[in-house]
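Working through the structure, step by step
Here is what each chain is made of, one letter per residue.
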Amino acid sequence: WKYGYLRDNDVKNFQSKLKSSDLSTPLIHMPYLPNIASPVDETYGKSVEALTAELIRSSILTIPYVVTHVGSHLGSGKPRGMKRVISACNNALEKSPSNTMILLENTAGTKNSVGSTFEDLKAIINNIEQKDRVGICLDTCHAFAAGYDLRTKQDVNITMQLFDDVLGINLLKA
């Protein structure tokens, strides 16, 4: 749950190395420990703090995206888990005034997971106040495990058309 603070020299070094690299769009991936869908107040609170901190750190480093797992409701039910995710995103975005976006990463559809369908992700985004600061990171392995066929070029085209129909391709950032 701990993270280091960015020193001015670290920020300058990062930005210098980024400019001299071939990377066009850097992003940060949240650690795996936070769970923004958790019904456990302590875990949820720490998770929101971690998301907020990563948004602030990304802004300082001029990184446009922070990828987060949507999480697990741990048996409390998908509707409650989705409400927690929405609240977490709204909270973190409100406390991090910048252009840095949260990218919700789809899940594999395992027991108690939230956000494994495009429809679930759309329902979450529909309830986020700063919609212009939320997008999608499509994990193709998770999508395949959740039932989206990606085995052939035609299957990928069908899945991506479904993504566009449900979410809008403009939300796909990574």
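Our subject is the structure that appears above.
Now for a quick tour of the structure. (Residues numbered from 1 in each chain as written. Predicted model: local features only at pLDDT ≥ 70, side-chain atom pairs only at ≥ 80, totals over all residues. Heavy atoms only, no water.)

Turning our eyes to something else, we now look at the overall build of the protein. Scanning the protein for helices and strands turns up six helices and four strands. Shown N-terminal to C-terminal, the secondary structure of the protein runs as helices and strands in the order α-β-α-β-α-β-α-β-α-α. Taking 16 Å as the expected radius of gyration for a compact globule of 174 residues, we find that the protein reaches 16 Å, a close match to that expectation. Projected onto the principal axes, the alpha-carbon positions of the protein cover approximately 45 × 40 × 25 Å. For the protein, with 174 residues in total, the buried portion stands at 45%. When contacts within the protein are restricted to residue pairs at least 6 apart in sequence, long-range pairs at least 24 apart make up 79% of them. In the structure as shown, the protein presents an accessible area of about 9,500 Å², 52% of it carried by carbon and sulfur atoms. (Helix = DSSP H or I, 4+ residues; strand = E, 2+ residues; numbered from the N terminus. Rg over C-alpha atoms; globule rule 2.2 N^0.38 Å. Buried < 20%, exposed > 50% of the residue type's maximum accessible area, 1.4 Å probe, protein only. Contact = heavy atoms within 4.5 Å. Areas by Shrake-Rupley, 256 points an atom, 1.4 Å probe, with all protein chains shown as cover.)

Turning our attention to helix 3 (residues 78–94). Because an α-helix completes one turn every 3.6 residues, residues spaced three or four positions apart along the sequence face the same direction. In this model, helix 3 (17 residues) spans 24 Å end to end at C-alpha, consistent with the 24 Å of a helix rising 1.5 Å per residue. Contacts from the buried residues of helix 3 go to helix 2 (41–61), strand 3 (101–105), helix 4 (118–126) and strand 4 (134–137). (Expected span 1.5 Å × (residues − 1).)

As a further point, take the pairing of strand 3. Of all five residues making up strand 3, five are buried, and the element is well covered by its neighbours. Burial along strand 3 is two-sided: Met101, Leu103 and Glu105 facing one way and Ile102 and Leu104 facing the other are all buried. Relative to strand 3, strand 2 (residues 65–69) runs parallel, the two sharing five bridges. Paired with tyrosine 65 across the two strands is methionine 101, which belongs to strand 3. Once you follow strand 2 into helix 3 and on to strand 3, the crossover reads as right-handed. Relative to strand 4, strand 3 runs parallel, the two sharing four bridges. The residue of strand 4 that forms the bridge with leucine 104 is isoleucine 136. Regarding topology, helix 4 serves as the crossover connection from strand 3 to the parallel strand 4, and that connection is right-handed. (Pairing = 2+ DSSP bridges. Right-handed = clockwise from strand over helix to strand, strands pointing away.)

Sheet architecture is open: four strands sit in the order 1-2-3-4, paired in parallel fashion. Taken across any chain shown, the strands that pair with only one partner, and hence form the sheet edges, are strand 1 (27–29) and strand 4. On average, each strand axis in the sheet is inclined to that of its neighbour by 30°, with strand direction left out of account. (Axes fitted to C-alpha atoms, helices over the stretch in contact; angles between N-to-C directions.)

Leu51, Val85, Leu104, Ile124, Ile136 and Leu167 are the most contacted members of the largest nonpolar core, which totals 38 residues. Contributions of two or more residues to this core are made by helix 2, helix 3, strand 3, helix 4, strand 4 and helix 6 (153–166). Sequence-distant contacts of isoleucine 136, that is, excluding residues within four places in its chain, are made with Leu103, Leu104, Leu121, Ile125, Phe163, Leu167, Leu171, Leu172, Lys173 and Ala174. In this structure, Tyr65, Val67, Leu103 and Cys137 belong to the second largest nonpolar core, which totals five residues. (Core = buried A, V, L, I, M, F, W, Y, C linked by side-chain atoms within 4.5 Å.)

Now for the packing of helix 4 against helix 6. The relative placement of two packed helices is expressed as an angle between their axes plus a distance between the axes. Where helix 4 meets helix 6, the axes come as close as 10 Å, and the angle between the chain directions of the two elements is 25°. The pairing of helix 4 with helix 6 is recorded here as roughly parallel in orientation. Read as a crossing pair, helix 4 and helix 6 show a hand that is right-handed. Seen from helix 4, the contacting residues are Phe118, Glu119 and Lys122; seen from helix 6, they are Thr159, Leu162, Phe163 and Val166. (Parallel < 35°, antiparallel > 145°, perpendicular 65-115°, else oblique. Left-handed = near helix turned anticlockwise from the far one by under 90°.)

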